[in-house]
Amino acid sequence: VRKALGIGVLLVIALGVAVGFARRDELLAMVPYRWNPWAPVALTEPPDRFLRLRLERLRQDPRGCADLLASAATLGDLMHEPVPDRETGPGCGFAGAVKVSATSLRVGEPLAMSCPLAASLVLWERHVLQPAAVRRFGVPVRRLEHYGSYACRGIYHRTGGPRSQHATANAIDVAGFVLADGRRIRVRRDWVPTESTPPRDAERPTDAASTGDAAAALFLRDVRDGACRYFDGVLGPDYNAAHRDHFHFDRGPYRVCR
Ligand SMILES: [Zn+2]
């Protein structure tokens, strides 16, 4: 009797596992977002411990990435359309990219971006940039000033050597912001180097506070630090002189936050 009971219990467990496996998507959907590493990135959710994992998955999941952009469009955080795949040279071009004509910000001429880059951009604007602007200045940002996203080139504009993430529309260079009240914040003028990093470039203003722009300096620090949560590569004036006037944000293979 005991043996039969044991076998019965095992069968019930096996059945439970089989049903659980067959319906795992339904079961996982019942797990709250913040406890569920398999949940797709939700635009409206604040960053949590599984954010990196979810962002990583977007790379391998064009459908999920497109869904995220569609949700951003619904919320008014993005105006975009698909752009035909292109190969413009050795190591240059893009597949599955979008043309972004606006985010929550005006961006000027439409920009080609890989889907993961566009996704990180809208997430960063919503959870980092706009809250920082309201916190520091009491108004949101209206316009993104940038040096573009796609460019068929090598790192640091070298002709040989490895391709930049820009060559696959996987990076954007952000030069500054215009607030809703017309105020302009510039990386070149308003960035204050991190204390531990000695200035590498004599030309660069070393103390934005002396121009009375401490709020701008703090804002740019918030914006850079927050970007490191949503992008993979984040390089700014603290990194080197080539980045003295912009933040480089990419969804490339390497994690760097400088
Ligand atoms: Zn760049």
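Residues numbered from 1 in each chain as written. Predicted model: local features only at pLDDT ≥ 70, side-chain atom pairs only at ≥ 80, totals over all residues. Heavy atoms only, no water.

Undergrad: Which parts of the structure should I look at to understand the state of the cysteines?
TA: Simply put, the disulfide is a covalent bond whose two ends are the sulfur atoms of two cysteines. Applying the stated rule across the entire model yields three disulfides. The disulfide partner of Cys65 is Cys115, and the S-S distance across this bridge is 2.1 Å. Judged by the torsion about the S-S bond (-110 degrees), the Cys65/Cys115 disulfide is left-handed. You can see Cys65 sitting in helix α4 (residues 62-74) and its partner Cys115 sitting in helix α5 (residues 115-137), a full 50 residues away along the chain. There is no split in this pair, since Cys65 and Cys115 are both buried. Across the disulfide from Cys92 sits Cys152; the S-S distance is 2.0 Å. Since a negative S-S torsion denotes a left-handed disulfide, the Cys92-Cys152 link at about 90 degrees is right-handed. With Cys92 in strand β3 (residues 92-94) and Cys152 in the loop between β6 (141-146) and β7 (171-179), the pair connects residues that are 60 residues apart, well separated along the chain. Here Cys92 falls in the buried class, since its relative accessible area comes to 4%. (Disulfide = S-S within 2.5 Å. Helix = DSSP H or I, 4+ residues; strand = E, 2+ residues; numbered from the N terminus. Buried < 20%, exposed > 50% of the residue type's maximum accessible area, 1.4 Å probe, protein only.)

Undergrad: Where do I start with empty space enclosed by the protein in this structure?
TA: One way to see where empty space is left: roll a probe the size of a water molecule over the atoms. Counting across every chain of the model gives one cavity of 30 Å³ or more. Volume-wise, the largest cavity comes out at about 50 Å³. Taken together, Tyr33, Val41, Ala42, Glu45, Pro46, Pro47, Asp48, Leu51, Arg54, Leu123 and Tyr230 make up the lining of the largest cavity. Per-class residue counts for the lining of the largest cavity are eight nonpolar, no polar and three charged. (1 Å grid on protein atoms, 1.4 Å probe; cavity = no way out; pocket = protein on both sides within 12 Å on 5 of 7 lines; lining within 4 Å. Points joined across faces, edges and corners; volume = space filled by probe spheres on them. Nonpolar A, V, L, I, M, F, W, Y, C, P; charged D, E, K, R; others polar.)

Undergrad: In this structure, what is going on with the coordination of the zinc ion? I would like to understand it.
TA: Between any two of four tetrahedral donors, the ideal angle at the metal is 109.5 degrees; between two of six octahedral donors, it is 90 or 180 degrees. Summarising the metal site, the zinc ion is bound by the protein donors His166 (NE2), Asp173 (OD) and His248 (ND1), whose distances to it range over 2.0 Å. Within one chain, the residues serving as donors to the zinc ion are arranged as H-x6-D-x74-H. For the residue pair His166 and Asp173, the accessibility class agrees, reading buried in each case. (Donors = N, O, S within 2.8 Å, 3.2 Å for Na, K, Ca; no water.)

Undergrad: Even after reading the chapter, I still don't get unusual backbone geometry, so can you show me in this structure?
TA: Keep in mind that most residues, glycine aside, have a negative phi and that most peptide bonds are trans. One non-glycine residue, Ala169, lies in the positive phi region at around 55 degrees. In this fold, Ala169 is placed in the loop between β6 and β7. For Ala169, a relative accessible area of 0% puts it in the buried group.

Undergrad: Can you help me understand α5 in this one?
TA: Quick reminder: α-helices carry 3.6 residues per turn. Residues three or four places apart thus point the same way. With 23 residues, α5 ought to run about 33 Å at 1.5 Å a step, and its terminal C-alpha atoms sit 31 Å apart, in line with that. Helix geometry: α5 is bent most strongly at Glu125, by close to 45 degrees. The element α5 is largely enclosed, with a buried count of 18 among its 23 residues. One or two residues past the end of α5 sits Gly138, with phi positive at roughly 80 degrees. (Expected span 1.5 Å × (residues − 1). Bend = angle between axes of the 7 residues up to and from the residue.)

Undergrad: Whenever I open this one, the confidence of the model for the protein chain confuses me. Can you help?
TA: Close inspection of predicted coordinates is inappropriate for parts of the model with low pLDDT. In this model, the protein chain carries an average pLDDT of 89, and 92% of its residues clear a pLDDT of 70 or more. Predicted confidence is poor over residues 196-204, with pLDDT under 50, and the contacts of this stretch with residues over four places away or in other chains come to 14 contacts. A low-confidence stretch, residues 206-210 stays under pLDDT 50, and its non-local contacts, those more than four residues away or across chains, total ten contacts. (pLDDT = per-residue confidence, 0-100. Contact = heavy atoms within 4.5 Å.)

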